[in-house]
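Overview (structure and organization)
Residues per chain are reported as follows:
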Amino acid sequence: MAENFLTDDEIKELRKVKGTIFNIQHYCIHDGPGVRTNVFVKGCPLRCIWCANPESQITTPQLMYRSDKCVGCGACVEACPRKAVTMVDGKSSTDRALCEGCGKCVKVCKPEAREIMGYSITAGEAFDKVAKEKIFYGDDGGLTVTGGEALAHPEFTLALLKLCKNDGIGTAIETCGHAKWDIVKRVLAFCDTVLFDIKETDSRKHEEFTCVGNELILENLERINNELDCAIWVRVPTIPGYNADEENIRRIGELVSSRITRCSRVDLLPFHNLGESKAEQLDRDMNGFHSEVPSKEFMDNLKEIIRGFGLNCP
Ligand code: SF4
Ligand code: SF4
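Residues numbered from 1 in each chain as written. Chains lettered and ligands numbered in written order. Predicted model: local features only at pLDDT ≥ 70, side-chain atom pairs only at ≥ 80, totals over all residues. Heavy atoms only, no water.

**Some words on the pairing of strand β9 (residues 170-175)**
Note on strand geometry: in a regular strand, side chains alternate between the two faces of the sheet. Formally: Partly exposed residues are those whose accessible area sits between 20% and 50% of the maximum for their type, while under 20% is buried and over 50% is exposed, using a 1.4 Å probe and protein chains only. Each helix is a run of DSSP H or I of at least 4 residues and each strand a run of E of at least 2, with the numbering of both proceeding from the N terminus. At least two DSSP bridges between two strands are needed for those strands to be called paired. Seen with its strands pointing away from the viewer, a crossover is right-handed when the path leading from the first strand over the helix to the second is clockwise.
β9 sits mainly inside the fold: 6 of its 6 residues count as buried. Where strand β8 (residues 142-147) meets β9, 4 bridges bridge the pair, whose relative direction is parallel. Counted as the bridge partner of L143 is T171 from β9. Viewed along the sheet, the connection from β8 through helix α5 (residues 154-166) into β9 turns out right-handed. As judged from the 4 bridges shared by β9 and strand β10 (residues 193-197), these two strands associate in the parallel manner. From the neighbouring strand, A172 faces β10, where its bridge partner is T193.

**Looking at the environment of L6**
Quick reminder of the rule: Whether two residues are in contact is decided by their heavy atoms: any pair within 4.5 Å suffices.
Tracing the sequence through the fold places L6 in the segment before α1 (8-15). Put simply, L6 and D167 are 161 residues apart on the chain and 9.5 Å apart in space, counted from C-alpha to C-alpha. Residues contacting L6, with those up to four places away along its chain left out, are I11, L14, K162, L163 and N166.

**Regarding the packing of α5 against helix α6 (residues 181-188)**
For clarity, the threshold we go by: Angles here are taken between N-to-C directions and fall from 0 to 180 degrees, while the axes themselves are lines fitted to C-alpha atoms, restricted in helices to the stretch in contact. An angle below 35 degrees is read as roughly parallel, one above 145 as roughly antiparallel, one from 65 to 115 as roughly perpendicular, and any other as oblique. Put simply, a crossing is left-handed when the front helix is turned counterclockwise from the back one by less than a right angle, and right-handed when it is turned clockwise. Under the scheme applied here, ten amino acids are nonpolar (Ala, Val, Leu, Ile, Met, Phe, Trp, Tyr, Cys and Pro), four are charged (Asp, Glu, Lys and Arg), and all others, including Gly, are polar.
Put simply, α5 and α6 touch, their axes get as near as 9 Å, and they point 15° apart. When the axis of α5 is compared with that of α6, the two are roughly parallel. Considering the relative orientation of α5 and α6, their crossing is left-handed. Here P154, E155, T157, L158 and L161 of α5 lie close against α6, whose contacting residues are I183, R186 and V187. Looking at the contact of α5 with α6, its residues break down into 5 nonpolar, 1 polar and 2 charged.

**Observations regarding the pairing of β8**
Taking burial as the measure, the 6 residues of β8 include 6 buried ones, the bulk of the element. Both strand β2 (residues 36-41) and β8 contribute to a ladder of 6 bridges, which runs parallel. What sits directly across from V41, in β8, is G147.

**Details of the layout of surface pockets**
Over the atoms, a rolling probe the size of a water molecule traces out where space has been left empty. How we decide: Grid spacing is 1 Å over the protein atoms alone, the probe is 1.4 Å, and a cavity is where that probe fits but cannot get out, while a pocket is an open set with protein on both sides within 12 Å along at least five of seven lines and lining residues have an atom within 4 Å of a point. Grid points are joined across faces, edges and corners, and a volume is the space filled by probe spheres set on the points.
Approximately 1200 Å³ is the volume attributed to the largest pocket. Along its surface, the largest pocket is lined by 43 residues, and A52, E174, R235, L269 and H272 are the ones closest to its centre. Elements supplying a minimum of two residues to the lining of the largest pocket: β1 (18-28), β2, β8, β9, β11 (231-238), β12 (263-270), α10 (274-281) and α11 (296-307). Counted by class, the lining of the largest pocket contains 18 nonpolar, 12 polar and 13 charged residues. Considering only enclosed or pocket space, the second largest pocket measures out at about 310 Å³ in volume.

**Some words on the site of ligand 1**
For the record, the criterion: The near set for a molecule or strand comprises every residue that places at least one heavy atom within 4 Å of it.
Surrounding ligand 1, one finds 13 residues, the nearest of these being C70, C73, G74, C76 and C109. Considering only residue class, the shell around ligand 1 consists of 9 nonpolar, 3 polar and 1 charged.

**Things to note about helix α4 (residues 123-131)**
Rule in force here: The directions from the helix axis to the C-beta atoms are what the arc is built from.
Among the residues of α4, A123, G124, A126, F127 and V130 are the ones counted as buried. End-on, the buried residues of α4 take up no more than an arc of 160°, which puts them together on one face.

**Examining the packing of aromatic side chains**
What counts, and what does not: In this analysis, rings of Phe, Tyr and Trp, with Trp reduced to its six-membered ring, are considered paired at centre separations within 6.5 Å, and the interplanar angle assigns stacked below 30 degrees, edge-to-face beyond 60, and tilted for intermediate values. Remark: a charge is flagged as sitting over a ring if the NZ atom of Lys or the CZ atom of Arg is within 6 Å of the ring centre and within 35 degrees of the ring normal.
Tallied over the full model, the rule gives 7 aromatic pairs. Between F209 and Y242, the aromatic rings sit 5.8 Å apart at their centres with planes inclined by 70°, giving edge-to-face as the arrangement. Taken together, the residues span a long stretch of sequence, with F209 in helix α7 (residues 203-210) and Y242 in the loop between β11 and α9 (246-259) at a distance of 33 residues. Aromatic pair F271 and F289: ring centres 5.7 Å apart, planes at 70°, arrangement edge-to-face. Linking F271 in the loop between β12 and α10 with F289 in the loop between α10 and α11, this pair joins segments that are 18 residues apart in sequence. Side by side, F271 and F289 carry an identical accessibility label, which is buried. Put simply, the rings of W50, F209, Y242, F271 and F289 touch in pairs and so form one group of aromatic residues. Directly above the aromatic system of W233 lies the positively charged group of R265, at a separation of 4.1 Å from the ring centroid.

**Focus on a nonpolar patch on the surface**
Note the cut-off: The patches reported here contain residues having more than 30% relative accessible area and no salt bridge. Joining distances are 9 Å for like charges and 5 Å for nonpolar side chains (Val, Leu, Ile, Met, Phe, Trp, Tyr). Note on areas: these come from Shrake-Rupley sampling with a 1.4 Å probe, and a residue is covered only by the protein chains present in the view. Salt bridge, as used here, is a side-chain nitrogen of Lys or Arg placed within 4 Å of a carboxyl oxygen of Asp or Glu.
Taken together, the side chains of Y27, I135 and F136 present a nonpolar region at the surface, about 370 Å² in accessible area. Tracing the backbone shows I135 in the loop between α4 and β8. A residue is classified by how much of its surface remains accessible, and I135, at 74% relative accessible area, is exposed.

**Re the domain arrangement of the protein**
Convention followed: Boundaries between domains were set according to an automatic or database domain assignment. A quick way to say it: buried area is the sum, across both parts, of accessible area lost when two parts are put together, with a 1.4 Å probe.
Taken domain by domain, the protein comprises domain 1 (8-58 + 119-307) and domain 2 (62-117). Domain 1 and domain 2 are separated by 32 Å when their C-alpha centres are compared. In this complex, domain 1 contributes 9 residues to the contact, which on the side of domain 2 involves 8 residues. Together, the buried faces of domain 1 and domain 2 total about 850 Å²; carbon and sulfur atoms form 57% of this surface. Of all residues in domain 1, Q281, L282 and D283 bury the most surface against domain 2, accounting for 58% of the area lost on that side.

What follows is the structure in structure tokens.
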């Protein structure tokens, strides 16, 4: 797609579109080709039990709390207009059902035990931050919209992708694929690369791990392959004790090699346990979830299975 396809009026309108994000990271090298700026959209239709970014799951801003930093001053109790905070055994405790994420308690918490995750931003503001690093992107790099789920705020993601393409910046999204086809198609029309997650081939297990079956996800992936022309990278979060068994990885290799013929690489993403401390800061229960960070040998064995299908698995 050529640069400068938008009129000034179209740019003005696209810049106004709002979304909720929780982070922007520059100089990323693992989320698409080249050097990239990642924009993390807040909200996701899945509830993966191993989620590495539980603060990304709901679409609105959310309070995070670190009890190890709390000095028990009680300032947050006074500051909260919803009376959501009480003191328990010298530490503050928040009733999540009452908290609306307004951030007033954060402002008075001197030791920074409280933080609001997520903020509203316009596509224009996000674009300016992405475009500021344009010199580092070269021919391959650019923007990656990730999350959470890139398609959770589709109009925002689409506006940001269009503004970047219009400026000659490469575009990618990372998606769990659980979205209506109409949305997938509209957004990917302005995307050079889609990073598409496959978690589990067995739909019953997929539902057990993520709260939704995989039918819509796999159908969308196949339609992207057959009907659209963006590059496809498949990503597999690899969680020992859950989806990282050889049989599932073999079935993913079979599926991708036979049906996703335009897929240019499969990345197996090893489990890490950062999500556990974040869940604690959100007062969320992991519902008995426990996994181990896999060894290099464990990952190498699974990568060999994928390579056995003739697929590129770095
Ligand atoms: S304001 Fe901060 S340090 Fe003071 S009680 Fe509340 S959370 Fe703890
Ligand atoms: S974020 Fe707002 S509503 Fe929630 S505990 Fe803090 S002050 Fe109360």
